[in-house]
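Chain and residue survey
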Amino acid sequence: MSITDWPKQERPREKLLSKGAQALSDAELLAIFLRTGVKGLSAVDLARQLLSSFGGLRQLFEADQETFCKGRGLGDAKFAQLQAVLEMNRRYLGHMLAQGSVMDNPETVQQYLIAQLRHQSREVFACLFLDNKHAVLGFEILFRGSINSAAVHPREVLKKALAYNAAAVIFSHNHPSGIAEPSMADQQITEQLSKALALIEVKVLDHIIIGAGTPISFASRGLL
């Protein structure tokens with residue numbers, strides 16, 4: 001049965017408009033993105049099949065082009081469309097951060113860092129550079145590592161902080177394994193960077209680790 005034959009209140013698009021996006025299941029949201037199904041499958045049925053084969057929305061969104069395009073009903077056009085949507089989300093969150101102090105928007109900070117880092121297949125180390133009112137001056141991925149490590153060089157971090165004329169920073173890195181718990185090495189490099197940056201009067205406000213679940217904040221853990 002085609003979705004157009006469903007009762008109006010059960011159709012994903014109409015349901016979203018009447019009840020809001022939060023009322024939809026993952027499959028219903030994906031069906032709206034897909035727009036159409038394939039022979040023998042409605043858009044919702046196809047969405048359910050894709051979520052099952054990929055393992056969920058996150059895995060689907062983070063798939064590389066080759067893997068994504070192997071999915072039934074997908075292809076280069078859909079991959080390009082998805083990448084555009086994800087990039088718009090990153091830019092929207094970046095715009096939200098630029099509106100004031102990051103201390104007023106801790107949830108937005110974490111959402112922004114998730115959008116920037118969670119999809120990375122290898123470990124990367126990044127930094128939000130902030131002015132003396134904790135407004136964002138810039139964001140950069142500074143170091144890229146192997147599947148489970150990134151070599152972080154304090155001298156390069158200091159050079160970037162000086163280039164931005166930053167007064168404070170928030171560090172972040174991802175754990176591709178999905179486990180966000182800070183390692184001893186994570187704590188040691190954070191301490192080294194904090195001491196080095198203190199010499200040029202730049203304060204480390206936080207170090208946020210991005211994994212599969214809720215990000216881990218060093219500040220919240222009392223690790224700074």
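This one's a predicted model, so the numbers in the text were calculated from it and none came from an experiment.

So, about the pairing of strand S2 (residues 136-144). By the bridge criterion, 7 bridges tie strand S1 (residues 124-130) to S2 in an arrangement that is antiparallel. Along S2, the bridge assignment pairs Phe 129 with Gly 138.

As a working rule, side chains carrying opposite charge can pair if their charged atoms are close by. Scanning all chains against the criterion turns up 11 salt bridges. A salt bridge links Glu 87 to Arg 91, with the nearest nitrogen and oxygen atoms 2.9 Å apart. Placement of the pair is Glu 87 and Arg 91 together in helix H6 (residues 76-97), with a separation of 4 residues, close to one helical turn. Residue Glu 87 is classed as partly exposed on the basis of its relative accessible area, which comes to 28%. Accessibility expressed as a relative area gives 59% for Arg 91, which makes it exposed. Note that Lys 195 and Glu 191 form a salt bridge whose closest N and O atoms lie 3.3 Å from each other.

Turning our eyes to something else, we now look at the layout of surface pockets. In this model, the largest pocket occupies a volume close to 380 Å³. Taken together, 13 residues line the largest pocket, and the ones lying closest to its centre are Leu 86, Asn 89, Ile 114, Ala 115 and Arg 118. Breaking the lining of the largest pocket down by element, the ones donating at least two residues are helix H4 (57-62), H6 and helix H7 (106-117).

Time to look at the packing of helix H2 (residues 26-34) against helix H3 (residues 43-54). For the pair H2 and H3, interaxial distance at closest approach is 8 Å and the crossing angle is 115 degrees. Judged on the interaxial angle alone, H3 and H2 are roughly perpendicular. Considering the relative orientation of H2 and H3, their crossing is right-handed. Touching Asp 26, Ala 27, Leu 30, Ala 31 and Leu 34 of H2 are Ala 43, Val 44, Leu 46, Ala 47, Arg 48, Leu 50 and Leu 51, all from H3.

Let us now look at the sheet that holds strand S5 (residues 216-217). Strand order in the open sheet formed by 5 strands is S2-S1-S3-S4-S5, with mixed pairing between adjacent strands. The open sheet has two free edges, formed respectively by S2 and S5, since each of these has just one partner strand. Together, S1, S2, strand S3 (168-174), strand S4 (203-210) and S5 form the strand contacts of H7, whose direction differs from that of S4 by roughly 55 degrees.

Definitions and cut-offs
Residues numbered from 1 in each chain as written. Predicted model: local features only at pLDDT ≥ 70, side-chain atom pairs only at ≥ 80, totals over all residues. Heavy atoms only, no water. Pairing = 2+ DSSP bridges. Helix = DSSP H or I, 4+ residues; strand = E, 2+ residues; numbered from the N terminus. Salt bridge = Lys/Arg side-chain N within 4 Å of Asp/Glu carboxyl O. Buried < 20%, exposed > 50% of the residue type's maximum accessible area, 1.4 Å probe, protein only. 1 Å grid on protein atoms, 1.4 Å probe; cavity = no way out; pocket = protein on both sides within 12 Å on 5 of 7 lines; lining within 4 Å. Points joined across faces, edges and corners; volume = space filled by probe spheres on them. Axes fitted to C-alpha atoms, helices over the stretch in contact; angles between N-to-C directions. Parallel < 35°, antiparallel > 145°, perpendicular 65-115°, else oblique. Left-handed = near helix turned anticlockwise from the far one by under 90°. Contact = heavy atoms within 4.5 Å.

Honestly, that's just the spatial picture; any functional story needs more than this.
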